[in-house]
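Here are the chains, one letter per residue:
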Amino acid sequence: MPLEHRSFVQYKGLSDIDQSRWIEWCNMNVGLIEHDWWMQDVTDNWDGNTSCWYFKDKETADKFGFYVKLTRNNNNG
């Protein structure tokens, strides 16, 4: 099954400090990178960037998006 379901994450600057946490979540909850999920940065500029996370099904992409939102909200308060 191809990795056709995407989740986009936007962030400021050139690096996202939470990215390692999200990679860990994918490794524990999704499976093998390149087989069950994949991530790539789709923009590269000084002000803001976007990374695209690919998954096999919409449910997993939605769960990932929810997890990203939770970790970001947790860091802000």
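Residues numbered from 1 in each chain as written. Predicted model: local features only at pLDDT ≥ 70, side-chain atom pairs only at ≥ 80, totals over all residues. Heavy atoms only, no water.

**Q** Which residues make up the pattern of salt bridges, and what values go with them?
**A** Within the structure shown, the criterion is met by four salt bridges. For Lys58, the salt bridge is made with Asp62, and the minimal N-O distance between the two is 2.8 Å. Taken together, the residues span about one helical turn, with Lys58 and Asp62 both in helix α2 (residues 58-75) at a distance of four residues. With a relative accessible area of 43%, Asp62 lands in the partly exposed category. Across the salt bridge formed by Lys63 and Glu59, the nearest N and O atoms sit 3.4 Å from each other. Of this pair, Lys63 and Glu59 are both found in helix α2, four residues apart, which corresponds to roughly one turn of the helix. (Salt bridge = Lys/Arg side-chain N within 4 Å of Asp/Glu carboxyl O. Helix = DSSP H or I, 4+ residues; strand = E, 2+ residues; numbered from the N terminus. Buried < 20%, exposed > 50% of the residue type's maximum accessible area, 1.4 Å probe, protein only.)

**Q** Which residues make up the packing of aromatic side chains, and what are the values?
**A** Per the stated rule, a full pass over the model turns up six aromatic pairs. Considering the side-chain rings of Trp22 and Trp53, the 6.3 Å spacing of their centres and the 75 degrees angle between planes classify their relative orientation as edge-to-face. You can see Trp22 sitting in helix α1 (residues 19-29) and its partner Trp53 sitting in strand β3 (residues 48-55), a full 31 residues away along the chain. A residue is classified by how much of its surface remains accessible, and Trp22, at 0% relative accessible area, is buried. Each ring, one from Phe55 and one from Phe64, has its centre 5.2 Å from the other, and the planes form 45 degrees; the classification is tilted. Given the relative accessible area of 0%, Phe64 is considered buried. An aromatic cluster is defined as three or more aromatic residues linked by ring pairs; in this entry it consists of Trp22, Trp25, Trp37, Trp53, Phe55, Phe64 and Tyr67. (Phe/Tyr/Trp six-rings, centres within 6.5 Å; stacked < 30°, edge-to-face > 60°.)

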